[in-house]
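Residue-level structural notes
Here is how the chains run, residue by residue.
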Amino acid sequence: RAVGPDHQRTVTVQNNVAVMTVQAGDFEGAVEQYRDLLARQERLQGPAHPLTTTVRRGLGITLARLERWEEAEAVLREALRASEAEGEPGTVAVVTTLGQLGSVYEALGRADEATGAVDRAVALAERYLDGQPAHESALRARSVVRGRLGDEEGAAADADAAAALRAARGGS
C-alpha cells in the first residue's frame, strides 16, 4: 500500500533526510528542508504534535550551527514549550532542547540564562534519565557552557561525570 506526501511515515523519512543533510554539512539545505517539513507537519498534526516538535528542534539546532542565534533561540524556545506541554518535564526532548538553548544563550552573551538552561537540563536528566545518553549529553552541554564562561573546574567536573556515565554504559 502506497503512502502519500502527507503520511506520517513520509514526514518521518523526510525528517531523517534533513538530519542526514546536516550530517553531510549542508546546513542551509537542511534549514530549507526543515522549514518545508515544519510547515507541512503543523498543517497536518498541529504545532504541539511530538513529530512537529522534533522537526522544530532539528531546525533550531541547525540554525545554531549556522550561528543564526536569534532565529535558533526563537525556534528552540517554541520547541521547549511544546515538549514541556507533552507531559513529563524530564523527557529526552526537554533535556536536549535545554542543553541547546544553553549554548545559544552563551553565544548571545547571556551567561545567566545559559547557566540556568544547562543547570536545569542536568537536574532534569539526573532526576528522570539518570545514566541514560541524554544525561551524558546534558552534562557535556553544561561542561561546554561552563568552560566558555571561564568555570574550568566546573567544566572539568561535568566532563568527567559525562565520561563516567559513558563508561558505565560500556561506551568509550
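Residues numbered from 1 in each chain as written. Predicted model: local features only at pLDDT ≥ 70, side-chain atom pairs only at ≥ 80, totals over all residues. Heavy atoms only, no water.

Each helix and strand in the protein chain was counted, giving 8 helices and 0 strands. Compactness check: the protein chain gives a C-alpha radius of gyration of 17 Å against a globular reference of 16 Å for 172 residues, within 12% of the reference. Dimensions along the principal axes, computed over C-alpha positions, put the protein chain at roughly 55 × 35 × 30 Å. For the protein chain, the residues scored as buried account for 41% of the 172 residues in total. Taking all contacts inside the protein chain whose residues are at least 6 apart in sequence as the whole, residues at least 24 apart take part in 54%. Total accessible area computed for the protein chain in this model is approximately 8800 Å², and 51% of it derives from carbon and sulfur atoms. Distance from the positive charge centre (20 side chains) to the negative charge centre (26 side chains) of the protein chain: 6 Å. (Helix = DSSP H or I, 4+ residues; strand = E, 2+ residues; numbered from the N terminus. Rg over C-alpha atoms; globule rule 2.2 N^0.38 Å. Buried < 20%, exposed > 50% of the residue type's maximum accessible area, 1.4 Å probe, protein only. Contact = heavy atoms within 4.5 Å. Areas by Shrake-Rupley, 256 points an atom, 1.4 Å probe, with all protein chains shown as cover. Lys, Arg positive; Asp, Glu negative; His and termini not counted. Charge placed at Lys NZ, Arg CZ, Asp CG, Glu CD.)

Turning to unusual backbone geometry, a few remarks are in order. Look at E67: it is not a glycine, yet its phi comes out positive at around 60°. Looking at the element boundaries, E67 is found in the loop between α3 (50–65) and α4 (69–85).

Another aspect to go through is the nonpolar core. Counting residues in hydrophobic clusters, the biggest one holds 39 residues, and the most contacted among them are Y34, V55, L59, L63, V95, L98 and A138. No other element matches the 7 residues that helix α6 (residues 111–128) contributes to this core. Contacts of L98, omitting those with residues within four sequence positions, involve L80, A117, V118, R120, A121 and L124. (Core = buried A, V, L, I, M, F, W, Y, C linked by side-chain atoms within 4.5 Å.)

Another point: a nonpolar patch on the surface. A cluster of nonpolar side chains, contributed by V13, V17 and M20, occupies part of the molecular surface with about 260 Å² of accessible area. Among the structural elements, V17 can be located in helix α1 (residues 8–23). The exposure class of V17 is partly exposed, given its relative accessible area of 37%. (Patch = residues over 30% accessible without salt bridge, like charges linked within 9 Å, V, L, I, M, F, W, Y side chains within 5 Å. Salt bridge = Lys/Arg side-chain N within 4 Å of Asp/Glu carboxyl O.)

For the structure shown, the criterion picks out 16 salt bridges. The partner of R146 in a salt bridge is D158, and the shortest N-O contact between them spans 3.0 Å. Taken together, the residues R146 in helix α7 (residues 133–148) and D158 in helix α8 (residues 152–168) connect sequence positions 12 residues apart. The class for R146 is partly exposed, based on a relative accessible area of 24%.

By secondary structure assignment, the location of L66 is in the loop between α3 and α4. When residues no more than four places from it in sequence are discounted, the contact partners of L66 are F27, E28 and V31.

Turning next to the packing of α1 against helix α2 (residues 27–45). Taken N-terminus to C-terminus, the directions of α1 and α2 make an angle of 160°; their axes are 9 Å apart at the nearest point. For the element pair α1 / α2, the angle class is roughly antiparallel. Crossing of α1 over α2 shows left-handed handedness. Taking contact as the criterion, the partners of Q8, V11, Q14, N15, V17, A18, V19, T21 and V22 in α1 are, on α2, F27, G29, A30, Q33, Y34, L37, R40, Q41, L44 and Q45. (Axes fitted to C-alpha atoms, helices over the stretch in contact; angles between N-to-C directions. Parallel < 35°, antiparallel > 145°, perpendicular 65-115°, else oblique. Left-handed = near helix turned anticlockwise from the far one by under 90°.)

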